[in-house]
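Next come the chains, spelled out residue by residue.
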Amino acid sequence: MFDKILIANRGEIACRIMRTARALGVQTVAVYSDADTDALHVAQADQAVRLGAAPVADSYLRADLIIQAALDTGAQAIHPGYGFLSENPDFVDAVVAAGLVFIGPSADAIRAMGLKDAAKALMEKAGVPVVPGYHGSDQTEQTLVAEAAQIGYPVLIKAVAGGGGKGMRLVEDPSGFTEALASAQSEAKTAFGNADVLIEKYVTHPRHIEVQVFGDGTDAVHLFERDCSLQRRHQKVIEEAPAPGMTDMMRDTMGDAAVKAAKAIGYAGAGTIEFIVDGSDGLRPDRFWFMEMNTRLQVEHPVTEAITGVDLVAWQLHVAAGGTLPLTQDQLSINGHSFEARIYAEDVPAGFLPATGLLSHLRFPTDARIDSGVAQGSEISPWYDPMIAKLTVHAPTRQDALKRLQTALGKTEAAGTTTNLNFLRKLAAQADFAAGDVDTGLIARHHDMLCTDDAADPLDIAVAAITAMGICAPMGPHAGFALWAPLAQSVTLQRGDDLFRVAVTITGQSTVQACIEDVVLTLTARGPQWAANGQRRHAVEHTDQISVFGPQTITFTHPNPLERGGMTAGGDTVTAPMPGLIQDVAVATGDQVTEGQRLVVLEAMKMEHILRAPRDGTVQSVTAVTGGQVSAGDVLVALEPDA
Ligand code: ADP
């Protein structure tokens with residue numbers, strides 16, 4: 001085993017790898033950017049080396065600096081985590097050339113699976129079922145149109161170099177093909193520097209089921225499947241293992257195919273074979289097809305660890321240090337059921353916009369596995385993936401595990417940034433999901449129910465008002481008589497466009513009365529919570545915001561009443577909704593614009609945001625510059641004031 005390893009990553013995955021390394025007595029070296037000086041992964045490592053400025057191109061993607069850091073600190077091996085350099089074969093070559101061990105597959109294995117077309121061709125040869133379609137080198141439009149017709153609509157156009165759903169277009173019928181092709185190619189060219197595409201049959205009622213494989217370069221086993229069908233815009237949200245409705249026969253067939261795929265490339269380390277499954281008629285062994293292989297440890301590996309009892313990072317270190325597979329296929333089995341939910345700083349009702357902020361309050365349940373790279377007081381910066389944590393539960397049955405997931409999500413509290421927790425809670429309670437009837441379209445089909453924030457109820461409003469007054473449960477004996485808190489006070493709160501005026505009166509040692517218009521509530525302090533009508537809530541205040549935790553997390557702002565007059569949004573300016581990089585500026589001073597016209601494209605956290613004209617008008621000034629970095633609230637374009 002190694003004495004010391006360097007982890008070329010950040011956040012939860014760096015912390016997760018360190019946890020196993022520590023348990024095995026292996027020392028760890030962290031690397032960090034200037035934005036991560038105070039990050040948890042830096043604090044938890046035995047040693048830490050600064051790479052450079054916050055942008056990933058100056059830090060976490062600097063292969064040269066990372067390798068140098070490993071050499072300088074005497075680390076023998078580098079674990080890449082996921083993302084960043086984890087699937088970069090040139091990095092693997094450089095690591096090996098420096099006399100270090102790469103904890104992962106060979107550069108050749110990564111190259112073989114790097115492009116979707118080559119990977120499909122390779123798998124076809126190895127006898128693994130692949131999605132019917134065209135993955136040839138002739139990229140002329142004429143050929144692609146003919147191939148699409150041959151395959152039969154609907155078809156999916158995919159960038160061969162694609163990832164994260166980029167460069168992918170669903171085409172329902174021939175009339176939309178040319179336009180979709182052009183836009184997929186241009187997106188692929190921008191994102192990957194490679195415009196080549198392949199065309200696939202679009203599988204209806206698709207389920208995403210992937211198989212965890214593990215190889216030692218000679219032999220390979222599978223550690224069963226994960227169902228990752230709960231996706232929004234091709235991004236996984238909740239994963240589970242095993243897949244609901246999986247039969248022994250289908251599992252064996254898929255497992256064998258996955259092992260065949262791993263062996264075909266002499267795979268060493270942890271990998272995932274992703275399959276698309278037609279679930280329109282239950283799970284059937286002749287209805288799954290290879291999509292791609294991920295040649296690294298996956299975000300969702302904890303569900304596999306939960307049901308198999310295997311520590312996949314320990315296996316990675318063992319095999320990278322020259323060991324053979326710790327267990328044979330026969331020695332592996334499934335125990336119970338597991339779910340993982342990805343908790344993100346993001347604004348779901350606004351279209352899953354990534355959010356930033358200081359996590360002023362963060363509480364996790366103690367009876368779930370939490371993989372996190374942040375703690376209370378940490379900053380979710382605009383520079384990296386806005387993940388807060390992964391929450392994983394495990395129980396003997398799917399039903400029990402689901403109940404645990406619901407309870408654990410209900411007990412998770414975060415404030416200081418917008419999170420997707422309300423969305424995850426609703427999703428965990430959604431009827432089709434609860435019944436195990438999942439497919440990749442589930443979230444989109446139930447979008448309105450899942451993605452809109454519930455209205456605040458009177459108890460939420462009352463508890464927010466009490467908290468805004470500075471009264472905390474449990475109340476001290478003198479709460480009502482403190483000099484700074486009068487017995488009765490009126491508080492104004494805001495949530496979105498709604499303003500709430502609440503009259504709060506302290507009526508006893510631990511009771512408060514709140515009047516919201518004609519609703520009167522009597523609240524009693526119960527420990528740190530407030531109770532009324534058999535329900536409970538508690539709240540935290542941070543800067544000018546108050547978050548109330550109940551079935552949903554409801555956040556109010558506590559505006560200064562004097563400033564309220566200026567709150568209505570002016571229609572004269574376009575401002576940056578979040579920090580990011582200006583990708584394109586489509587207007588100049590003096591241009592006439594119409595409402596909804598695209599003015600500026602902002603790239604923030606791997607997403608493009610199109611900022612549009614708020615109304616018809618003339619452009620007075622343009623402050624946005626292509627390639628410029630902007631902060632949230634910066635004015636990018638101003639229109640001449642309305643006459
Ligand atoms: P990426 O590498 O960009 O993430 P994938 O090939 O892994 O792209 O596909 C991402 C998701 O798109 C899958 O999880 C699945 O939901 C959907 N998908 C991919 N291929 C098909 C297909 N042929 N039919 C239906 N859905 C598909």
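Residues numbered from 1 in each chain as written. Predicted model: local features only at pLDDT ≥ 70, side-chain atom pairs only at ≥ 80, totals over all residues. Heavy atoms only, no water.

Draft legend 1. Broad picture of the confidence of the model for the protein. Considering every residue of the protein, the mean pLDDT works out to 92; 95% of them sit at 70 or more. Contacts from residues 480–486, a stretch scored under 50 in pLDDT, to residues over four places away or in other chains number eight contacts. A low-confidence stretch, residues 561–570 (pLDDT under 50), is modelled with five contacts involving residues beyond four sequence positions or located in other chains. (pLDDT = per-residue confidence, 0-100. Contact = heavy atoms within 4.5 Å.)

Draft legend 2. Main features of the packing of aromatic side chains. All chains considered together, the criterion is met by eight aromatic pairs. Their ring planes at 85° and their centres at 6.1 Å tell us that Phe91 and Phe102 sit as a pair that is edge-to-face. One end of the pair, Phe91, is in helix 4 (residues 89–97); the other, Phe102, is in strand 5 (residues 101–102), with eleven residues separating them in the sequence. Look at Phe102 and you get buried, because its relative accessible area is 6%. Ring pairing ties together the aromatic residues Tyr60, Phe84 and Tyr384, which thus form one cluster. (Phe/Tyr/Trp six-rings, centres within 6.5 Å; stacked < 30°, edge-to-face > 60°. Helix = DSSP H or I, 4+ residues; strand = E, 2+ residues; numbered from the N terminus. Buried < 20%, exposed > 50% of the residue type's maximum accessible area, 1.4 Å probe, protein only.)

Draft legend 3. The arrangement of the site of the ligand in detail. Neighbouring residues of the ligand: 22 residues in total, closest Lys116, Lys158, Gly165, His208 and Gln231. His234 places a side-chain nitrogen or oxygen 3.2 Å from an oxygen atom of the ligand. Within the side chain of Glu274, a nitrogen or oxygen atom sits 3.2 Å from an oxygen atom of the ligand. When isolated, the ligand has an accessible area of 560 Å², and the protein chains bury 95% of it. Of all the secondary-structure elements, those providing two or more residues to the shell around the ligand are strand 7 (155–159), strand 9 (197–201), strand 10 (206–216), strand 13 (268–278) and strand 14 (288–294). Counted by class, the shell around the ligand contains eight nonpolar, eight polar and six charged residues. (Near = heavy atom within 4 Å. Polar contact = N/O pair within 3.5 Å; in protein donor to acceptor, adjacent residues only side chain to side chain. Areas by Shrake-Rupley, 256 points an atom, 1.4 Å probe, with all protein chains shown as cover. Nonpolar A, V, L, I, M, F, W, Y, C, P; charged D, E, K, R; others polar.)

Draft legend 4. Focus on unusual backbone geometry. Cis geometry is found at the peptide bond from Tyr153 to Pro154, where omega equals -5°. Here Pro154 is to be found in the loop between helix 7 (141–151) and strand 7. Non-glycine residue Phe84 carries a positive phi angle of around 40°. Its location among the elements puts Phe84 in the loop between strand 4 (77–79) and helix 4. Note on Phe84: relative accessible area 29%, which makes it partly exposed. Positive phi, normally seen in glycine, also occurs at Asn533, with a value near 50°. Among the structural elements, Asn533 can be located in the loop between strand 28 (529–532) and strand 29 (535–542).

Draft legend 5. The sheet that holds strand 5, seen in detail. In spatial order, the strands read 3-2-1-4-5; together these five strands make up an open sheet with parallel pairing. Bordering the open sheet on either side are strand 3 (47–52) and strand 5, each of which pairs with just one other strand. Across five bridges, the pairing between strand 2 (residues 27–33) and strand 3 is parallel. Bridging from a neighbouring strand, Val31 pairs with Val49 of strand 3. Sheet strands in contact with helix 1 (residues 11–23) are strand 1 (4–7), strand 2 and strand 4, and its direction is about 170° off that of strand 1. (Pairing = 2+ DSSP bridges. Axes fitted to C-alpha atoms, helices over the stretch in contact; angles between N-to-C directions.)

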